[in-house]
Amino acid sequence: MNSSSPIRILIHGASGRMGQALLRLARENPALQVVAAVSRSGAAIDGVDVPMFASADLARCPSFDVAIDFSLPEGFDAVLAACKMRKAALVSGTTGLSTQQREALAQAAHTIPVLWASNFSLGVVVLEELSRRAAQALTGWDADIIESHHVHKKDAPSGTALTLGAAVAAGRGSAPHYASLRAGDIIGEHSVQFTGPGERIELIHRAGNRDIFARGALSAAAHLAGRPAGNHRLADLIFSD
Ligand code: NAD
């Protein structure tokens with residue numbers, strides 16, 4: 001990749017809560033240039049001067065180096081196919097993907113760089129590691145993950161809860177229990193709890209705004225551009241600086 005020219009970004013799911021945060025924050029980074037914004041309808045978004053495309057017209061978008069996808073599982077197959085066709089990288093935070101979609105993503109990693117993460121905040125990357133270590137030390141204790149999100153969130157438990165659960169399972173050999181709350185406009189809270197006889201540890205992450213996820217995804221896109229094909233991990237990119 002020519003380091004003097006900006007990295008060309010396609011935002012998929014551009015009209016959504018995350019898409020709009022990505023469009024706003026990408027403007028602050030001169031290393032990135034958003035060349036296309038894709039949503040289900042393709043309708044113009046107030047204050048956005050980037051070419052808009054409907055998801056049905058994805059094939060007609062200009063060339064891009066990295067697609068950043070925060071849409072819904074219904075839209076995921078099309079953006080993955082577009083990245084494979086253009087040999088572009090894919091950063092995706094879409095949650096609730098099916099087993100087949102996860103397999104298709106793993107297959108695509110043979111030919112393009114991909115990075116899927118259930119949570120793009122630095123705090124959750126660290127929480128994942130803390131949860132794994134605590135679970136390793138507390139194998140006989142109960143382990144529970146409690147997550148709270150806004151009422152519009154479709155999947156439950158959240159993708160982040162499942163990622164934290166996998167870390168707990170890796171540490172102690174068995175999965176935790178999950179509890180989900182959908183209420184008001186909560187952006188995202190995750191509590192990993194370990195309960196033993198007469199004592200309890202609670203590890204809690206609270207997201208204060210969506211910008212933390214958008215900044216993490218934009219930073220991941222900047223790191224991923226020009227890397228070899230493969231399944232990249234957010235922790236490796238974040239801690240590689
Ligand atoms: P939203 O409902 O506000 O926006 C969804 C966007 O996807 C819209 O632009 C919509 O037009 C588009 N879309 C829907 N169906 C589509 C289709 N078939 N083809 C193309 N585009 C389509 O949702 P949101 O709150 O912005 O969240 C989007 C996704 O990101 C969800 O899966 C959510 O769970 C996930 N999320 C992930 C993280 C993370 O850090 N990984 C953080 C926040 C949200």
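Let us look at the structure shown here. None of the values given here were measured: they were computed from a predicted structure.

Reading guide: rules and limits
Residues numbered from 1 in each chain as written. Predicted model: local features only at pLDDT ≥ 70, side-chain atom pairs only at ≥ 80, totals over all residues. Heavy atoms only, no water. Near = heavy atom within 4 Å. Polar contact = N/O pair within 3.5 Å; in protein donor to acceptor, adjacent residues only side chain to side chain. Areas by Shrake-Rupley, 256 points an atom, 1.4 Å probe, with all protein chains shown as cover. Helix = DSSP H or I, 4+ residues; strand = E, 2+ residues; numbered from the N terminus. Pairing = 2+ DSSP bridges. Right-handed = clockwise from strand over helix to strand, strands pointing away. Phe/Tyr/Trp six-rings, centres within 6.5 Å; stacked < 30°, edge-to-face > 60°. Buried < 20%, exposed > 50% of the residue type's maximum accessible area, 1.4 Å probe, protein only. Lys NZ or Arg CZ within 6 Å of the ring centre and 35° of its normal.

In the region of the ligand, 24 residues are neighbours, and Ser15, Arg17, Met18, Thr95 and Phe120 sit closest. Here a nitrogen atom of the ligand and a backbone polar atom of Gly93 are 3.2 Å apart. Lys153 has a polar side-chain atom sitting 3.1 Å from an oxygen atom of the ligand. Within the complex, 86% of the 870 Å² of free accessible area of the ligand lies under protein. Of all the secondary structure elements, the ones that give two or more residues to the shell around the ligand are helix 1 (17-26) and helix 2 (73-86).

Both strand 7 (residues 142-149) and strand 8 (residues 177-182) contribute to a ladder of six bridges, which runs parallel. Bridge assignment links Ile145 to a residue of strand 8, and that residue is Tyr178. You can see the chain leave strand 7, run along helix 5 (residues 159-172) and come back into strand 8, and the turn it takes is right-handed.

Further remarks concern the packing of aromatic side chains. Two measures describe an aromatic ring pair: the distance that separates the ring centres and the angle between the ring planes. Scanning the model with the defined rule gives one aromatic pair in all. Residues Phe70 and Phe120 carry aromatic rings whose centres are separated by 5.7 Å and whose planes lie at 55° to one another, so their mutual orientation is tilted. Highlighted residues: Phe70 in the loop between strand 4 (66-69) and helix 2 and Phe120 in the loop between strand 6 (113-116) and helix 4 (122-137), separated in sequence by 50 residues. With relative accessibility at 12%, the residue Phe70 sits in the buried group. Exposure remark for Phe120: the relative accessible area of 2% places this residue in the buried category. The ring of Trp116 carries Arg102 above its face, with NZ or CZ at 4.1 Å from the centroid.

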